[in-house]
Amino acid sequence: MSSDDAGRHTRIAIIGAGFGGIGTALRLRGAGYHDFLVFDRGDEVGGTWRDNSYPGCACDVPSHMYSFSFARNPGWSRSFSPQPEIWAYLRRCADGVRPHLRLGHEVHAAAWDGDARLWRLETSHGPYTAQILVAAGGPLTEPSLPDLPGLAGFRGDTFHSARWRHDLDLTGRRVAVIGTGASAIQFVPRIAPQVEALTLFQRTPAWVLPRRDRRISALERRLFRSAPFTHWLVRAGVYWGRELQATAFLHPALMRLGQHMARRHLRRAVADPVLRERLTPSYTMGCKRVLLSSDFYPALGRANVDVVTEQITRVTADSVVTADGREHPADTIVFGTGFHVTDLPMARAIRGADGRTLAEHWAGSMYAFRGMAVTGFPNLFLLLGPNTGLGHNSVVFMIECQITYLLGALRHLDATGTGAIEPLPDAQRAYHADVDRRMDGTVWTSGGCRSWYLDASGRNSSLWPGYTWSYWLRTRRFDAAAYRPVPARTPVAEEHR
């Protein structure tokens, strides 16, 4: 390593300063590791909860489970936390590791140098090197925009909900909202009263349950602070309640009760039978993300709101045209079209031992041992990587499991003096096969829908096919026998699934 490299070298490089990156930094510091840096392209920490600031943005996991177990927050104001509070919580957590942050440092590329046994990073502030790379960018990072004919010629304003134009006053505007997912059901009720007209373009209706949100009283918050075990009990109750819900995702026949509740919610909120029919899904609940809202359906019943289910064929200078030939006037288009989840842009920027990118290795379908490590990519650890997302509980729990596993890997490297490790090909293949086997028969593969959980091959490479406690069992200790040391100057055999 040259003297110049030594000045910009860190043992552990973490990409992303959201829940994954900040949680890793805090646990590293607590475990006595201080040689690490956290890179993020933003000017402040927060990741998803910094970038998504659209009106009404909030979490759909109960507040008490949406925080670190080692940094619980007894001060949540509501049972489902609004975005400003979650972002403020992450900023407070980050205060303990500020010297390690490199904000405004976008990582353009990372490549494994087999001779030097280190990762070479190219950032917007120049090169860095690291022994270990932790990719904590998260799956809800890069907005996904549809390729609509004529969009470039639209004369109005366009933006994605994750890049909300707070400088743009929507009052009196004719707004076209494309998408009816988790973001749209939150911002549509907020903007519908102020716009002149709102046209909501729906491709597939979602199953929607009432959002049982309430204000957490000052008395409760004082109790949580003065008697922390009460907060722990509430958190435990939320956790196990959510775990119970997982049973229906794994055994779709049990979803009938949830579907009955959702239909009753729809009947009570929407009087128009034609609109109700448009909003009724034809697939099994849980196949797509289950949404929570108590004000979305009432907003769709407003006189200035129209729900369109015909396919969009093109965009003109001042309208959106659907397959039935109708032109829907608009001077603003808001995309609530989700993110690149199964085709992570990050995967195109990380190159392994054979010079190929992670995306080239995956060839359209993500996989990783324990959802974290990939053969051919020594000392790379992914947070919220393949098959570690959730449809029922808090991903913060999954992140904590992965951080514990990472710390175990670090202790193994320290104890053995090994410079680099990667999963054994057989261990990776066996794990990959087991995940697919357990995914078979779940609502995500048999529910009769096409969701963003599925990749281009039709495989669910996003979600964990089980209870979160079962993932905890698999990651509570680092399984060194499933890894091999990586020799210097020796090409790593290509992994074939």
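Here the structure is shown first, and the text comes after it.
Residues numbered from 1 in each chain as written. Predicted model: local features only at pLDDT ≥ 70, side-chain atom pairs only at ≥ 80, totals over all residues. Heavy atoms only, no water.

## As for the overall build of the protein chain
Move 1: When helices and strands are counted, the protein chain shows 15 helices and 20 strands.
Move 2: In terms of overall size, the protein chain behaves like a compact globule, its C-alpha atoms giving a radius of gyration of 23 Å where 497 residues would be expected to give roughly 23 Å.
Move 3: Principal-axis analysis of the C-alpha atoms places the extent of the protein chain at approximately 70 × 55 × 45 Å.
Move 4: Split into buried and exposed, the 497 residues of the protein chain put 56% on the buried side.
Move 5: Taking contacts inside the protein chain between residues at least 6 apart in sequence as the whole, the part at least 24 apart equals 72%.
Move 6: Carbon and sulfur atoms form 52% of the exposed surface of the protein chain, whose accessible area is close to 20700 Å². (Helix = DSSP H or I, 4+ residues; strand = E, 2+ residues; numbered from the N terminus. Rg over C-alpha atoms; globule rule 2.2 N^0.38 Å. Buried < 20%, exposed > 50% of the residue type's maximum accessible area, 1.4 Å probe, protein only. Contact = heavy atoms within 4.5 Å. Areas by Shrake-Rupley, 256 points an atom, 1.4 Å probe, with all protein chains shown as cover.)

## Some points on the sheet that holds strand β16 (residues 332-335)
Move 1: Spatially, five strands are ordered β7-β16-β8-β9-β12 in an open sheet, and the strand pairing comes out parallel. The strands lining the two open edges of the sheet, one partner per strand, are β7 (157-160) and β12 (305-308). Between one strand axis and the next, the sheet turns by 15° as a mean value, whatever way the strands run.
Move 2: Of the strands in this sheet, β8 (174-178), β9 (197-201) and β16 are in contact with helix α5 (residues 184-191), which crosses β8 at around 170°. (Pairing = 2+ DSSP bridges. Axes fitted to C-alpha atoms, helices over the stretch in contact; angles between N-to-C directions.)

## Examining the packing of aromatic side chains
Move 1: If you walk through the whole model with that rule in mind, you get 23 aromatic pairs.
Move 2: Here the aromatic rings of F249 and W444 are separated by 5.7 Å at their centres, their planes lie at 25°, and the arrangement is stacked. Taken together, the positions of F249 in helix α7 (residues 228-250) and W444 in helix α14 (residues 443-446) put the pair 195 residues apart, joining distant regions of the chain. Just as F249 is buried, W444 falls in that class too.
Move 3: Ring geometry for F369 against Y431: centres 5.4 Å apart, planes inclined by 65°, an arrangement best described as edge-to-face. Taken as a pair, F369 in the loop between α11 (358-362) and β18 (380-382) and Y431 in helix α13 (residues 425-439) lie far apart in primary sequence, 62 residues in all.
Move 4: Joined through ring pairs, the aromatic side chains of F19, W49, Y66, F68, F70, W76 and Y89 make up one cluster.
Move 5: Directly above the ring of Y128 sits R8, whose terminal nitrogen or CZ lies 4.1 Å from the centroid. (Phe/Tyr/Trp six-rings, centres within 6.5 Å; stacked < 30°, edge-to-face > 60°. Lys NZ or Arg CZ within 6 Å of the ring centre and 35° of its normal.)

## Let's talk about α5
Move 1: Counting buried residues in α5 gives seven out of eight residues, a clear majority hidden from the surface.
Move 2: Those residues of α5 that are buried are in contact with β8, β9, β11 (291-292), α10 (296-300) and β16.

## Describing the nonpolar core
Move 1: Core analysis: the biggest nonpolar cluster contains 110 residues, and F19, V177, F187, V188, I191, L198 and L300 have the highest contact counts within it.
Move 2: With twelve residues, helix α12 (residues 395-416) is the largest single contributor of residues to this core.
Move 3: If we skip the residues at most four places from it in the chain, L198 touches V175, V177, V188, I191, A192, N304, V305 and D306. (Core = buried A, V, L, I, M, F, W, Y, C linked by side-chain atoms within 4.5 Å.)

## Quick look at a positive patch on the surface
Move 1: A contiguous patch of positive charge on the surface is contributed by R212, R263, R264, R267 and R268.
Move 2: Tracing the backbone through its elements, the reader meets R263 in helix α8 (residues 256-269). (Patch = residues over 30% accessible without salt bridge, like charges linked within 9 Å, V, L, I, M, F, W, Y side chains within 5 Å. Salt bridge = Lys/Arg side-chain N within 4 Å of Asp/Glu carboxyl O. Lys, Arg positive; Asp, Glu negative; His and termini not counted. Charge placed at Lys NZ, Arg CZ, Asp CG, Glu CD.)

## Topic: the sheet that holds strand β15 (residues 327-329)
Think of a sheet as strands paired side by side through backbone hydrogen bonds, with each pair either parallel or antiparallel.
Move 1: A sheet is described by the order of its strands in space; here three strands give the open sequence β13-β14-β15, paired in antiparallel fashion. In this open sheet, the two edge strands, each paired with only one partner strand, are β13 (312-315) and β15. Strand-to-strand twist in this sheet, taken as the mean axis angle between neighbours without regard to direction, amounts to 25°.

## Topic: the state of the cysteines
Move 1: On inspection of all chains with the given rule, the structure shows one disulfide.
Move 2: Disulfide pairing is shown between C287 and C449; the S-S distance is 2.0 Å. On the sign convention where negative is left-handed, the bridge of C287 and C449, at about -100° about the S-S bond, is left-handed. Residue C287 is located in the loop between α9 (273-278) and β11, and its partner C449 is located in the loop between α14 and α15 (468-475); the two are separated by 162 residues in the primary sequence. Accessibility assignment for this pair places C287 and C449 in one class, buried. (Disulfide = S-S within 2.5 Å.)

## Quick look at the pattern of salt bridges
Move 1: Across all of its chains, the model carries 22 salt bridges by this definition.
Move 2: Among the salt bridges present, the one from D113 reaches R120, with a minimum N-O distance of 2.9 Å.
Move 3: Judged by relative accessible area, R120 falls into the partly exposed class, the value being 32%.
Move 4: Among the ionic pairs, D157 bridges to R173, the shortest N-O distance being 2.8 Å.

## Observations concerning the packing of α12 against α15
Move 1: One way to put it is that α12 packs onto α15 with a least axis distance of 9 Å and a crossing angle of 10°. Of the possible angle classes, the one that applies to α12 and α15 is roughly parallel. Here F397, M398, C401, Q402, T404 and Y405 of α12 lie close against α15, whose contacting residues are T468, W469, Y471, W472, R474 and T475.
Move 2: Tallied by class, residues from the contact of α12 with α15 come to seven nonpolar, four polar and one charged. (Parallel < 35°, antiparallel > 145°, perpendicular 65-115°, else oblique. Nonpolar A, V, L, I, M, F, W, Y, C, P; charged D, E, K, R; others polar.)

## Some points on the pairing of strand β2 (residues 36-40)
Move 1: Among the five residues of β2, five are classified as buried, and the element is accordingly described as predominantly covered.
Move 2: Side chains of β2 alternate between two faces, with F36, V38 and D40 and L37 and F39 buried alike.
Move 3: Looking at chain direction, strand β1 (residues 9-15) and β2 are connected through four bridges and run parallel. Paired with I12 across the bridge in β2 is F36.
Move 4: With helix α2 (residues 19-30) bridging β1 and its parallel neighbour β2, the resulting β-α-β unit is right-handed.
Move 5: Strand direction decides the pairing type here: β2 and strand β3 (residues 101-103), joined by three bridges, are parallel. When the sheet's bridge partners are listed, D40 is paired in β3 with L103. (Right-handed = clockwise from strand over helix to strand, strands pointing away.)

## Examining unusual backbone geometry
Move 1: With phi around 60°, R370 is a residue other than glycine that occupies positive phi space.
Move 2: Here R370 shows up in the loop between α11 and β18.
Move 3: Residue classification places R370 among the buried positions, given a relative accessible area of 14%.

## Overview of the environment of H100
Move 1: You can see H100 is positioned in the loop between α4 (83-94) and β3.
Move 2: Considered as a pair, H100 and L37 are 63 residues apart in the sequence and their alpha carbons are 4.8 Å apart.
Move 3: Beyond its immediate stretch of four places on either side in the chain, H100 contacts H34, F36, L37 and V38.

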